[in-house]
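# Structural overview for review
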Amino acid sequence: QVQLVESGGGLVQAGGSLRLSCAASGRTFSTYAMGWFRQAPGKEREFVAAISWSGGNTYYADSVKGRFTISRDNAKNTVYLQMNSLKPEDTAVYYCAARPFVAVATTQYDYWGQGTQVTVSS
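Reading the values: rules and limits
Residues numbered from 1 in each chain as written. Predicted model: local features only at pLDDT ≥ 70, side-chain atom pairs only at ≥ 80, totals over all residues. Heavy atoms only, no water. Pairing = 2+ DSSP bridges. Helix = DSSP H or I, 4+ residues; strand = E, 2+ residues; numbered from the N terminus. Axes fitted to C-alpha atoms, helices over the stretch in contact; angles between N-to-C directions. Disulfide = S-S within 2.5 Å. Buried < 20%, exposed > 50% of the residue type's maximum accessible area, 1.4 Å probe, protein only.

## Structural notes on the sheet that holds strand β3 (residues 18-24)
Spatially, the four strands line up as an open sheet ordered β1-β3-β8-β7, and their pairing is antiparallel. Edge positions in the open sheet fall to β1 (4-7) and β7 (68-73), since each of these has one partner strand only. Each strand axis lies, on average, 15° off the axis of its neighbour in the sheet, ignoring direction. Sheet topology places β7 next to strand β8 (residues 78-83); six bridges connect them, and they run antiparallel. Bridge assignment links Ile70 to a residue of β8, and that residue is Leu81.

## Details of the state of the cysteines
Scanning the model with the defined rule gives one disulfide in all. Here Cys22 engages in a disulfide with Cys96; their sulfurs sit 1.9 Å apart. On the S-S bond that ties Cys22 to Cys96, the torsion sits near 50°, and the link is right-handed. With Cys22 in strand β3 and Cys96 in strand β9 (residues 92-100), this residue pair connects regions lying 74 residues apart in the sequence. Residues Cys22 and Cys96 agree in their burial class; the two are buried.

See the structure below:
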């Protein structure tokens, strides 16, 4: 069982930056691939970024490529999402998720956090 807790959301102006964190419980964090997803009001949850268990491979949605960076610190059981050049269309609840070993760009993850709100004003 893995429990995930996101933090770092908030209100930011367009062009600004935020860094989201996702702290995981459990001693097997380093064996899990991690993903970030987001869901805007009235829309389906969508993939944002993912990172393999080792951190050696990362994947991004086209909409955030070049602006967002996913990283992980296995010693701290934490995954991060650095978000730069934020746009109003990035406004959503952001969720982190975990699945064993292989990162995928779908919602096929086993464990999910409660989410953190990101609001980008124009």
